[in-house]
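Here is how the chains run, residue by residue.
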Amino acid sequence: MNLAIALAMAADGHGDRTAVVDAERSLSYHRLHEVAETLAARLPDDADTVVAAGVHGTALAASLFGAAWAGRSFAPVNHRLPADRVASLARRLAPAQGVAAPPYLAPLDRELPGSWSAEDLFADTGGRGAAFVEEPVRPAVVLYTSGTAAEPKAAVVDHDNLLAYLVNTVEYGAAGTDEAVLIAVPPFHIAGVAAVLSAVWAGRRIVALDGFSPASWIDAVRAESVTHAFVVPTMLARIVEVAAPLPSLRSLAYGGARMPVPVLEQALALYPHVDFVNAYGLTETSSTIAVLGPDEHRAGNRLASVGRPVPGVEVEIVDDGHVPVPPGATGRVRIRGAQVSGRYLGDDPRAPDGWLTTGDLGHLDADGYLYIEGRSDDVVIRGGENIAPAEIEDALLRHPGVAQAAVVGVPHPEWGEQIAAAVVLHADADPPAPDDLRAHVRSLLGGLKCPDVVAVVDDLPLTATGKVVRREVRRLLSERVDIG
Amino acid sequence: MSNDLGKRYTCQDCGAIYLVVKAGAGTVECHGRPALQQAAKQLPSSD
């Protein structure tokens, strides 16, 4: 099948409703359908892929569905990278049609001549009426993974993967006419793509923000009477700091990186009328594969869990020999289901039985709730003890002076590795000394998990979704430890 | 019996799932008898 069916059905079922609105324009499902058909007719025959740089909102929806309509791949790239890096990512996807927001058009056009501006997408050039390609052979979406540990890989997700996600987890046309979802996550992340698809499938009006600031996000919620939103943890931390009333908001989903429990507890207390949803997933799994729902958030005893698998998805924890381990035991998270792609351009590491073994470590409890303990690459091995950074980071964040924390292993001649923490302090707090923070963690977690080194830094290196770039932190702290 | 756009039906015999992509009159049948309409999903919105 083709993802385009979602747009055709939306136009058929509720075509006059607003599909997506941003600062530039507003599109009904009928109009978005027309634009997608027109774009499909305009795409050069030799363009296998539509490469998008910095397009969001109406232009993102148009280029995503235009590419799908013609059976071409859609590849939104991280436009915030230096121009030469964007060019090299685009080059790997040629032959392709480029489309870019104004600041990114000239550099993309040098790599992909004839690139369109976001505005060009809406020119009425006719060419409508052709049906979408029923069984596309190219992947629906190509996304470079964030690469916190290594170079980015180009993950591919097929139409059938994304449609399985929609059909299994979202009820078609179920959104009320008063519902609106605020999308402020980057368009080059699977969450940004999945948010568009889910909203179109549900019939929920999309309100799109270009970039995020707490003030613009809060303004948009109020101005557009937003009922639903998806944020990454760093966004939620900043929204909670402002503590503005958000009376229209009913549902707040989050994901993209690990949510610090202290931030979540603050948000739950601040917004008692809001349903909180934790969505855990990977690019390689067409976004969400596990959900922690509103009732579980309010019960409060599983806030560190990412929830239970969504329908159609199986999750297991396995040891290094790929053998499942009992509940409570830590191991690698592996995932299977129709929405799981697990392929990359030029690389298919999937097992023959369909399991995708991820780089995430975690455990399942006796009731089937999944807990993520971090990337296997991030575990600190100190004197033969495996120590997950997540718990230590949460403990540091419970100190009132700490705004952000990242824990990594750095080399130690005797223990192999030692625990090193980089912390960002709250500007207005009485600054705690590193030894105060070590004593604070020791009081909560005991001596084994107490950081050996605590360094105060101005900011942490983060990806666009708020994942800490640990190799950078490791490099920074290794230098500091050597000097010290 | 009519088919509502976006509804899913399951065959009572083989388990095949049908998605209605175009509304119309008529019955979704599989293995010689009507397929059962699946209940609406209760999953909270996650994106």
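Residues numbered from 1 in each chain as written. Chains lettered and ligands numbered in written order. Predicted model: local features only at pLDDT ≥ 70, side-chain atom pairs only at ≥ 80, totals over all residues.

Glancing now at the interface of chain B and chain A. Each partner contributes residues to the interface: chain B has 12 residues there, and chain A has 27 residues. Here the residues of the side of chain B that touches chain A are counted per class, giving 6 nonpolar, 3 polar and 3 charged. (Contact = placed C-beta atoms within 7 Å. Nonpolar A, V, L, I, M, F, W, Y, C, P; charged D, E, K, R; others polar.)

Residue and element names in this part refer to chain A. Strand order in this open sheet of 4 strands is β16-β17-β19-β20, and the pairing throughout is antiparallel. Every interior strand has two partners, whereas the edge strands, β16 (313-318) and β20 (370-375), have only one. Across this sheet, the average inter-strand angle for adjacent strands is 45 degrees, counted without regard to direction. Note that strand β17 (residues 331-337) and strand β19 (residues 356-364) share 4 bridges and pair antiparallel. If you follow Arg332 over to β19, its bridge partner there is Leu361. (Pairing = 2+ DSSP bridges. Helix = DSSP H or I, 4+ residues; strand = E, 2+ residues; numbered from the N terminus. Axes fitted to C-alpha atoms, helices over the stretch in contact; angles between N-to-C directions.)

Read from one edge to the other, the open sheet built from 3 strands follows the order β3-β2-β7 (chain B), with strand pairing classed as antiparallel. The strands lining the two open edges of the sheet, one partner per strand, are β3 (17-19) and β7 (36-37) of chain B.

We now examine helix α3 (residues 57-69) of chain A. Helix length check: α3(A), at 13 residues, gives a terminal C-alpha distance of 18 Å against a target of 18 Å (1.5 Å per residue), a fit within 8%. Note on α3(A): the residue one or two positions beyond its end, A:Gly71, has a positive phi of about 75 degrees. (Expected span 1.5 Å × (residues − 1).)

On to the pairing of strand β5 (residues 96-100) of chain A. All names here are of chain A. Counting buried positions along β5 yields 5 of 5 residues, so the element is predominantly enclosed. In terms of strand pairing, strand β3 (residues 49-53) meets β5 through 5 bridges, oriented parallel. Looking at β5, one finds that Val50 is bridged to Gln97. Bridge count for β5 against strand β6 (residues 116-117) is 2 bridges, and the pairing is parallel. Note that in β6 the partner of Ala100 across the bridge is Ser117. (Buried ≥ 20, exposed ≤ 12 C-beta atoms within 10 Å, placed from the backbone.)

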